[in-house]
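The residues making up each chain are set out below.
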Amino acid sequence: MDINIVTPESVIDPWPLLKELRGAGPVVRSEPMGGVWLVSSYEHCREVLLDYKRFSNTVFASTDFGPWFEGTDTMVHTDPPDHTRLRSMVQKVFTYRSVQQLEPRIHQIIEELLSAPEFVDGMASGEATDVLGQFTSALPTTVIAELLGIPSADRKLFYRWAESMMRCILADPRLVPQEHIDAAVVSGREMLEYLQAEIAERRRSGATEDLIGRLVKENAGGALSDEELAATCVTLLVAGSDTTTSTTTTMLSHLAHHPDQRDRLLADPELTGSGVDETLRYDPTARVNFRKVLGDVELGGQRLSDGDIVWVLVIAANRDPARFERPDQYDVGRSPNQHLTFGQGPHLCLGAQLARMEVRHAVNAFLARWPAYKVVDRRPSPAYAALTWEAFTVAAGR
Ligand code: HEM
């Protein structure tokens, strides 16, 4: 089919083309996009994500999407059984309880960011204030640094590495400028070295109060090499930062444009939890998951060949009328809401609970302070694989 969903216009406003795509069928081959298969129905997106035997995550070499890993495999780009070995170690330490324990600290970090004099003065002045730079992007990086146990004196380093790697990871790798990739490679190498030193230190001290210490303890049998352990920590940072930043930013953006929905949250902050999931459904930050076909397979009435690339369009699945009532309506109280934004199957997001908690607290704290905020400037960045932001400023409102 002659459809290209990655033109600059459709990245900014994807909905008209996605509607056309849905009309053409649940699984469509895009000639202008180099013959990739676009999967838009909820049912078939789910089928692909669940079936790792026919749809592999080895779609990009680790060096395409994460040049900083320099050949070290991570759970993101492997299939079972290797994936199981890499993931189970983190799953053991990244438990429901360990995330629950972070809640008071997350609350405190949000309070600190929102009461920083620069931020408060900006909002008090009634002028445009940089919510993206000063609030929504600072939060997840700080949380992950803290979770891992990075000393606060080194946080600045951590933020710099995160920023340069994130510029590459969230876009289609073929669209990333070479200079960004070069910078990310340097950051990745520095970060891996830094983390390997932290791992060695935990091994010496036996300390287990942070995630690095617990990973080292869990890995006493040596199932993972130190490079793999360090790469796992980088994965947490890369997977958990900009995704959470963008979801918080997107939610503040949609609430400003749906005052009736904002009023519902102001009247009942308990509803913000389902509002987060509705934001994830309605305008997902992870728009696409990529897979590679293994063997010749049939999907949605089409024949796919070994090695073909599949774009699992979560962004379309989440608005499939066969699955969701009133799919184009933003409804913060929506229930049930089984969106696909955290994935499905073996690669289901490990940080979903943490992300939900961060966004919920961030939005509630922001609304409590500035209930009538207005968006001044809003600029999504031109990446397709993810909805990320280049600018988001607001003013306090009446
Ligand atoms: C709103 C925020 C987030 C979104 C939308 C999101 C989305 C996703 C998606 C779609 C996947 C699966 C990718 C695939 O199947 O190929 C994934 C995997 C993953 N996520 Fe998240 N994520 C978010 C936040 C986080 C956070 C906060 C963390 C941890 C700190 C995290 C850690 C991970 C890890 C480690 C994986 C890899 C799991 C695996 O491959 O087995 N994510 N995420």
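Summarised in this report is the structure supplied together with it. Every chain begins its residue count from 1, and numbering advances along the sequence as written. Side-chain atom pairs in this predicted model are given and counted only at pLDDT of 80 or more, local residue features only at pLDDT of at least 70, and totals for whole chains, interfaces and linings cover all residues. Excluding hydrogens and water, the side-chain values take into account all heavy atoms of the structure.

### As for the overall build of the chain
No. 1: We count a stretch as a helix when DSSP gives it H or I for four or more residues in a row; a strand needs E for two or more, and each element gets its number in order from the N terminus. Assigned secondary structure in the chain consists of 19 helices and ten strands.
No. 2: We compute the radius of gyration from the C-alpha atoms alone; for a globule the expected value is 2.2 Å times N to the 0.38, where N is the number of residues. The globule rule puts the C-alpha radius of gyration for 398 residues at 21 Å, and the 21 Å found for the chain is close to it.
No. 3: Per-residue burial over the chain gives 55% buried out of 398 residues.
No. 4: When contacts within the chain are restricted to residue pairs at least 6 apart in sequence, long-range pairs at least 24 apart make up 71% of them.
No. 5: Only the protein chains shown count as cover for residues, with accessible areas throughout obtained via the Shrake-Rupley method and a probe of 1.4 Å. For the chain, the exposed surface amounts to about 16,700 Å²; the carbon and sulfur share of it is 51%.
No. 6: Charged residues are defined narrowly, with Lys and Arg counted positive, Asp and Glu counted negative, and His plus the chain ends left uncounted. By convention, charge coordinates are those of NZ in Lys, CZ in Arg, CG in Asp, or CD in Glu. Taking the average location of the 40 positive side-chain charges in the chain and that of its 55 negative ones, the two points are 4 Å from each other. Burial status follows relative accessibility: with a 1.4 Å probe on protein chains alone, a residue under 20% of its type maximum counts as buried, one over 50% as exposed, and anything between as partly exposed. In what follows, residue pairs with any heavy atoms lying within 4.5 Å of each other are defined as contacts.

### Let's talk about the site of the ligand
No. 1: Taken together, 27 residues lie around the ligand, and His83, Arg87, Arg291, His347 and Cys349 are the ones closest in.
No. 2: Taking Met75, its main chain carries an N or O atom lying 3.4 Å from an oxygen atom of the ligand.
No. 3: The definition of a polar contact used here is a pair of N or O atoms within 3.5 Å, where within protein one atom must be able to donate a hydrogen and the other to accept one, and adjacent residues in sequence count solely through side-chain atom pairs. Between the ligand and the protein, one listed contact pairs an oxygen atom with a side-chain N or O atom of Arg291 at 2.8 Å.
No. 4: The set of elements that each furnish at least two residues to the shell around the ligand consists of helix 5 (82-93), helix 14 (226-240), helix 15 (242-257), strand 5 (288-293) and helix 19 (352-369).
No. 5: Each residue gets one of three labels, nonpolar for Ala, Val, Leu, Ile, Met, Phe, Trp, Tyr, Cys and Pro, charged for Asp, Glu, Lys and Arg, and polar for the others, Gly among them. When the residues that make up the shell around the ligand are grouped by side-chain class, the tally is 13 nonpolar, twelve polar and two charged. A single heavy atom is enough: if one lies within 4 Å of a molecule or strand, its residue is considered near that molecule or strand.

### So, the packing of aromatic side chains
No. 1: Pairing of aromatic rings covers Phe, Tyr and the six-membered ring of Trp, with a centre-to-centre limit of 6.5 Å; geometry is then stacked below 30 degrees between planes, edge-to-face above 60, and tilted otherwise. Under the criterion given, the structure shown has eleven aromatic pairs.
No. 2: Taking 5.0 Å as the distance between ring centres and 90° as the angle between the ring planes, the aromatic pair formed by Phe290 and Trp311 counts as edge-to-face. Taken together, the residues span a long stretch of sequence, with Phe290 in strand 5 and Trp311 in strand 8 (residues 309-313) at a distance of 21 residues.
No. 3: The exposure class of Trp311 is buried, given its relative accessible area of 2%.
No. 4: On the numbers, 5.6 Å between centres and 70° between planes, the contact of Trp389 with Phe392 is edge-to-face. Across the pair, exposure class does not vary: Trp389 and Phe392 are buried alike.
No. 5: Through a chain of ring-to-ring contacts, three or more aromatic side chains come together here, namely Phe119, Phe135, Phe366, Trp370 and Tyr373.
No. 6: It is Arg262 that lies over the ring of Tyr373; its NZ or CZ is 4.4 Å from the centre. Should the NZ of a Lys or the CZ of an Arg lie within 6 Å of a ring centre and within 35 degrees of the ring normal, that charge is described as sitting over the ring.

### Regarding the pairing of strand 1 (residues 27-30)
No. 1: Strand direction decides the pairing type here: strand 1 and strand 2 (residues 36-39), joined by four bridges, are antiparallel. Counted as the bridge partner of Val27 is Val39 from strand 2.
No. 2: Here, any two strands with at least 2 DSSP bridges between them count as paired. The hairpin formed by strand 1 and strand 2 contains five residues between the paired strands, and Gly34 there has a positive phi angle of roughly 80°.

### What about the sheet that holds strand 1?
No. 1: The five strands lie next to each other as 1-2-8-5-3, forming an open sheet whose pairing is mixed. The two strands at the open ends of the sheet, each matched to only one other strand, are strand 1 and strand 3 (55-56).
No. 2: Angular values range over 0 to 180 degrees, each being the angle between N-to-C directions of two axes fitted as lines to C-alpha atoms, with helices fitted over their stretch in contact. Each of strand 1, strand 2, strand 3, strand 5 and strand 8 is contacted by helix 3 (residues 42-50), which is oriented at about 125° to strand 8, the strand it contacts most.

### Overview of helix 10 (residues 138-148)
No. 1: A large share of helix 10 lies buried, amounting to ten of its eleven residues.
No. 2: Residues Ala138, Leu139, Pro140, Thr141, Thr142, Val143, Ile144, Ala145, Leu147 and Leu148 constitute the buried set of helix 10.
No. 3: Positive phi appears at Gly149, one or two residues downstream of helix 10, with a value of about 95°.

### As for the coordination of the iron atom of the ligand
No. 1: In this listing, donors mean N, O and S atoms no farther than 2.8 Å from the metal, or 3.2 Å for Na, K and Ca; water is missing from the atoms, so a site can look incomplete. There is one protein donor for the iron atom of the ligand, and it is Cys349 (SG), at 2.3 Å.
No. 2: Residue position: Cys349 is located in the loop between helix 18 (314-317) and helix 19.

### Quick look at the nonpolar core
No. 1: Counting residues in each nonpolar core, the largest one holds 84 residues, and the members touching the most others are Phe135, Leu148, Leu195, Leu255, Phe366 and Tyr373.
No. 2: Residue contributions to this core peak at ten residues, all from helix 19.
No. 3: Discounting residues that sit within four places of it in the chain, Leu195 has contacts with Ile150, Ile212, Ala230, Cys233 and Val234. The term nonpolar core refers to a set of buried residues drawn from Ala, Val, Leu, Ile, Met, Phe, Trp, Tyr and Cys, joined through side-chain atoms within 4.5 Å.

### Here's the deal with the state of the cysteines
No. 1: Note on terminology: disulfide denotes any pair of cysteine sulfur atoms within 2.5 Å. Here the structure, examined in full by the defined rule, presents zero disulfides.
No. 2: Here Cys45 is not cross-linked by a disulfide; its sulfur's nearest cysteine counterpart is in Cys349, at 17 Å.
No. 3: For Cys349, a relative accessible area of 31% corresponds to the partly exposed category.

### As for unusual backbone geometry
Where the residue is not glycine, phi is negative for most of them; where a peptide bond is considered, it is trans in most cases.
No. 1: Residue Pro80 is joined to Pro81 through a cis peptide bond whose omega torsion reads 5°.
No. 2: In this fold, Pro81 is placed in the loop between helix 4 (62-65) and helix 5.
No. 3: Not every positive phi belongs to a glycine, and Arg326 is a case in point at roughly 40°.
No. 4: Here Arg326 lies in the loop between helix 18 and helix 19.
No. 5: Arg326 gets classed as partly exposed once you look at its relative accessible area, which sits at 40%.

Keep in mind that these numbers describe shape and distance, not what the molecule does.
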